[in-house]
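# Survey of secondary and tertiary structure
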Number of protein chains: 2
Amino acid sequence: MSHIYIYSPSSAQRDKAAFRRGVARLQALGHEVEVDPDALATHMRFAGDDATRLAAVHRAAASGADLAMISRGGYGLTRILPGIRTKALARAVERGTRFVGFSDFTALQCALYAQTGAVSWMGPVVHDDFGRPEVVDDIMQACLQDLLAEQGEGSGWQLPRVAARKPDAFDARTDKPLLARPVRNAVLWGGNLSVLTSLVGTPYFPQIDGGVLVLEDIAEHPYRIERMLTQLLHAGVLARQKAIVLGQFTQYQLAPNDKGYKLQTAIDWLRSQLRVPVLTNLPIGHVPTKVVLPFGLPVDLLVDGRDALIYWGHAH
Amino acid sequence: MSHIYIYSPSSAQRDKAAFRRGVARLQALGHEVEVDPDALATHMRFAGDDATRLAAVHRAAASGADLAMISRGGYGLTRILPGIRTKALARAVERGTRFVGFSDFTALQCALYAQTGAVSWMGPVVHDDFGRPEVVDDIMQACLQDLLAEQGEGSGWQLPRVAARKPDAFDARTDKPLLARPVRNAVLWGGNLSVLTSLVGTPYFPQIDGGVLVLEDIAEHPYRIERMLTQLLHAGVLARQKAIVLGQFTQYQLAPNDKGYKLQTAIDWLRSQLRVPVLTNLPIGHVPTKVVLPFGLPVDLLVDGRDALIYWGHAH
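Residues numbered from 1 in each chain as written. Chains lettered and ligands numbered in written order. Predicted model: local features only at pLDDT ≥ 70, side-chain atom pairs only at ≥ 80, totals over all residues. Heavy atoms only, no water.

### Thoughts on the relation of the copies chain A and chain B
Between chain A and chain B, which share one sequence, the superposing operator has a rotation angle of 180 degrees and an axial displacement of 0.0 Å; the RMSD is 0.0 Å. What the rotation and shift describe, once combined, is the action of a two-fold rotation axis. Rotation axis and chain A: the residue whose C-alpha lies nearest the axis is Gly201(A), separated from it by 2.5 Å. (Least-squares fit on C-alpha atoms with pLDDT ≥ 70 in both.)

### Observations concerning a positive patch on the surface
Residue and element names in this part refer to chain A. Positive charge collects at one region of the surface, where Arg85, Lys87, Arg91 and Arg95 lie side by side. Position of lysine 87 relative to the elements: it lies in helix α3 (residues 86-94). On the accessibility criterion, lysine 87 (64% relative accessible area) is exposed. (Patch = residues over 30% accessible without salt bridge, like charges linked within 9 Å, V, L, I, M, F, W, Y side chains within 5 Å. Areas by Shrake-Rupley, 256 points an atom, 1.4 Å probe, with all protein chains shown as cover. Salt bridge = Lys/Arg side-chain N within 4 Å of Asp/Glu carboxyl O. Lys, Arg positive; Asp, Glu negative; His and termini not counted. Charge placed at Lys NZ, Arg CZ, Asp CG, Glu CD. Helix = DSSP H or I, 4+ residues; strand = E, 2+ residues; numbered from the N terminus. Buried < 20%, exposed > 50% of the residue type's maximum accessible area, 1.4 Å probe, protein only.)

### Digging into the interface of chain A and chain B
Each partner contributes to the interface: chain A provides 36 residues, whereas chain B provides 36 residues. Carbon and sulfur atoms make up 55% of the surface buried where chain A meets chain B, a total of about 3300 Å² over both sides. A per-residue breakdown of the area chain A buries against chain B is headed by Arg45(A), Arg227(A) and His234(A), which together make up 20% of the total. Our enumeration of links across chain A and chain B arrives at six salt bridges. Between Glu220(B) and Arg224(A) there is a salt bridge, and its shortest N-O distance comes to 2.9 Å. If you list the elements that add at least two residues to the side of chain A that touches chain B, you get α7 (193-197), α8 (222-234) and α9 (263-272) of chain A. Broken down by element, the residue count for the side of chain A that touches chain B peaks at seven residues, all from α8(A). A per-class count over the side of chain A that touches chain B returns 13 nonpolar, 13 polar and 10 charged. (Contact = heavy atoms within 4.5 Å. Buried area = accessible area lost by both parts, 1.4 Å probe. Nonpolar A, V, L, I, M, F, W, Y, C, P; charged D, E, K, R; others polar.)

### Some remarks on the layout of surface pockets
Here the second largest pocket is characterised by a volume of approximately 1000 Å³. If you trace the second largest pocket, you find 44 residues lining it, with Arg72(A), Gly74(A), Asp128(A), Ile218(A) and His286(A) closest to the centre. Sorting the residues of the lining of the second largest pocket by element identifies α5 (126-131), α7 and β10 (212-218) of chain A together with α8 (222-234) of chain B as the ones contributing at least two each. Per-element accounting of the lining of the second largest pocket gives the leading share, five residues, to α5(A). (1 Å grid on protein atoms, 1.4 Å probe; cavity = no way out; pocket = protein on both sides within 12 Å on 5 of 7 lines; lining within 4 Å. Points joined across faces, edges and corners; volume = space filled by probe spheres on them.)

### Comments concerning the sheet that holds strand β4 (residues 98-101) of chain A
All names here are of chain A. The mixed open sheet is built from six strands, whose spatial order is β2-β1-β3-β4-β5-β13. Each edge of the open sheet carries a strand with a single partner, namely β2 (32-35) and β13 (293-295). Neighbour to neighbour, the strand axes of the sheet diverge by 30 degrees on average, direction disregarded. Here four bridges tie strand β1 (residues 3-7) to strand β3 (residues 67-70), and the two strands are oriented parallel to one another. Bridge assignment links isoleucine 6 to a residue of β3, and that residue is methionine 69. Sheet contacts for helix α6 (residues 138-148): β1, β3, β4 and β5 (120-122); angle to β3, the most-contacted strand, approximately 150 degrees. (Pairing = 2+ DSSP bridges. Axes fitted to C-alpha atoms, helices over the stretch in contact; angles between N-to-C directions.)

### Examining unusual backbone geometry
Positive phi, normally seen in glycine, also occurs at Ala219(A), with a value near 60 degrees. Position of Ala219(A) among the secondary structure elements: in the loop between β10 and α8. Accessibility expressed as a relative area gives 45% for Ala219(A), which makes it partly exposed. One non-glycine residue, Asp175(B), adopts positive backbone phi at about 65 degrees. Positionally, Asp175(B) belongs in the loop between β8 (166-167) and β9 (183-192).

### Side note on the packing of aromatic side chains
Evaluated as defined, the whole model comprises 12 aromatic pairs over all chains. Each ring, one from Tyr223(A) and one from Tyr75(B), has its centre 5.1 Å from the other, and the planes form 45 degrees; the classification is tilted. Of the two residues, Tyr223(A) is situated in helix α8 and Tyr75(B) in the loop between β3 (67-70) and α3 (86-94); the pairing between them involves two chains. In terms of burial, Tyr223(A) and Tyr75(B) fall into one category: buried. Consider the rings of Trp189(B) and Phe205(B), whose centres lie 5.6 Å apart with planes at 80 degrees: the pair is edge-to-face. Taken together, the residues Trp189(B) in strand β9 and Phe205(B) in the loop between α7 (193-197) and β10 (212-218) connect sequence positions 16 residues apart. As far as burial versus exposure is concerned, Trp189(B) and Phe205(B) are alike and both buried. Every member of this aromatic cluster is reached through a ring pair, and the members are Phe46(A), Tyr75(A), Tyr223(B) and Tyr261(B). (Phe/Tyr/Trp six-rings, centres within 6.5 Å; stacked < 30°, edge-to-face > 60°.)

### Re the pairing of strand β15 (residues 307-311) of chain A
All names here are of chain A. The side-chain alternation of β15 yields one buried face, formed by Ala308 and Ile310, and one unburied face, formed by Asp307, Leu309 and Tyr311. Where strand β14 (residues 298-304) lies against β15, five bridges are found, and the strand directions are antiparallel. Of the residues in β15, the one forming a bridge with valine 303 is alanine 308. Counted between consecutive antiparallel strands, the loop separating β14 from β15 contains two residues, among which glycine 305 sits at a positive phi close to 65 degrees.

### Section: the pairing of strand β4 (residues 98-101) of chain B
All names here are of chain B. In β4, alternate side chains face the same way, and those of Arg98 and Val100 on one face and Phe99 and Gly101 on the other are all buried. As paired strands, β3 and β4 are joined by three bridges and run parallel to one another. Residue leucine 67 lies in a different strand from β4, and its bridge partner there is arginine 98. In this fold, β3 hands off to α3, which returns the chain to β4; that crossover is right-handed. As paired elements, β4 and strand β5 (residues 120-122) share two bridges and run parallel to each other. Bridging across to β5, glycine 101 finds its partner in methionine 122. At this point the chain moves from β4, through helix α4 (residues 106-116), to the parallel β5, and the crossover so formed is right-handed. (Right-handed = clockwise from strand over helix to strand, strands pointing away.)

Here it is as structure tokens:
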């Protein structure tokens, strides 16, 4: 049984039934769930005003919980980053509290790592992953349970087939493998592309060389995804990594004026601008099936045919 | 009579009737209009592939025209910035060619200024400003004609009324004037907020201290406008300016979940984070009535009641 602390640093929780359903499902897994007193606060689009959300973050850090999970993402962390006492969060991490989430949570993860080097976790949130009426995703839940049991040590996934012929593991121009040799001991980081790029040039953007950069996004047209990737490219961030791993990019609409321009066009263009391998299809993002990954831990990355693996061994 | 060179560095021109209408209207003003051979090229969503658009930019620089005007904005300049020979453009500026445009064109203006210090102009494009069936805006056209006659020396506008009571020229908390003393000799720069922030951290972002930063955008929800302004804030860009002047932010949709959060909320929050005055309502952006402003020239900025003025004297 683990102690899970639930708090709301970003957007307001509108669907309270979903929230309660999520809490109940986490309890049904045998966990002690503690809900922050302002988890359901609202202030316009936010889960309380800035001071309220900051206090919630610091209560989560002081909770002594095994896991601090956000109720949902949305928007709200970026603007309160200067008020977050990242050293207090890092001390909580040292005491065994794992901070988990995705989407807007990327902002907190970046600031925490940039300022303290503390590890946090890309993974589920209450509303999206445990609160919806649909059945809870098996893989997501198993990854979270592994994390709490300190048994998580890696995640495998399948690269997509391209051209109905072969896996997206080969350079389309040279036909050489994208990842000829395994990547060893590279710090994994990243998260939501929009949130991550909104931190470029600020003190909250991690300076990581030789890492594995993981990216996902929702409701961003491929041209906007390309523009954000181009910012990271021109800022020199991508060339400093050992690999870029794209997760799920979902819920965008192509337009008639795109005339064949699509997400794969942006990926192909990025690969043409970069020697660093760009892998695809990692199950993270705004999708039910998401794996749990450590932001800030060294990992190995391997590809064999369509099979890809990120491995960090025991994280303790 | 001026020589106007029209080229397409960004999105494809889909509405060819509008393009021809714009060309005809510029000719009807008495100008010699030269159309780039690839002005109507298409490659997926772009006005030709990257090499085609780069060649068009360099032909515009070599044209010897008085004015180099883009057909339209959209998206396409950011990814070709490394291929633009900005020194060739700067030499064209020295010879008397004025580069004009807005929206995606902000990327070229930023790169040009960052790498050479050359001045360009925020102003109209063919499709949006001369091509639509509606009558051409008087003010926009007069500003362009003034630029070509070398008579442009400033633009005035009215600050909006807030609370139906007084102009948006006073700090809402202290009731003190936002701009108590005129700003003198401050380099004007900026443009489209999305495009400008997509250059933060790259070699194409101008390093300007003590400037007047002008910003506009289209189809961005206020929370996204706020997130972009927050990036500029946390990157230290805003605090280094003498004034921020917001233009028109148009065509976004508020959502039921905003619960009262709106553009003014983001502006109020920004003002609470910043000692630099934030003025509003400048007529630039994705609107018919737009003034022409020099990107890279020192300007004066004055406020008297509801009347605001940006003044640069003769630019030659």
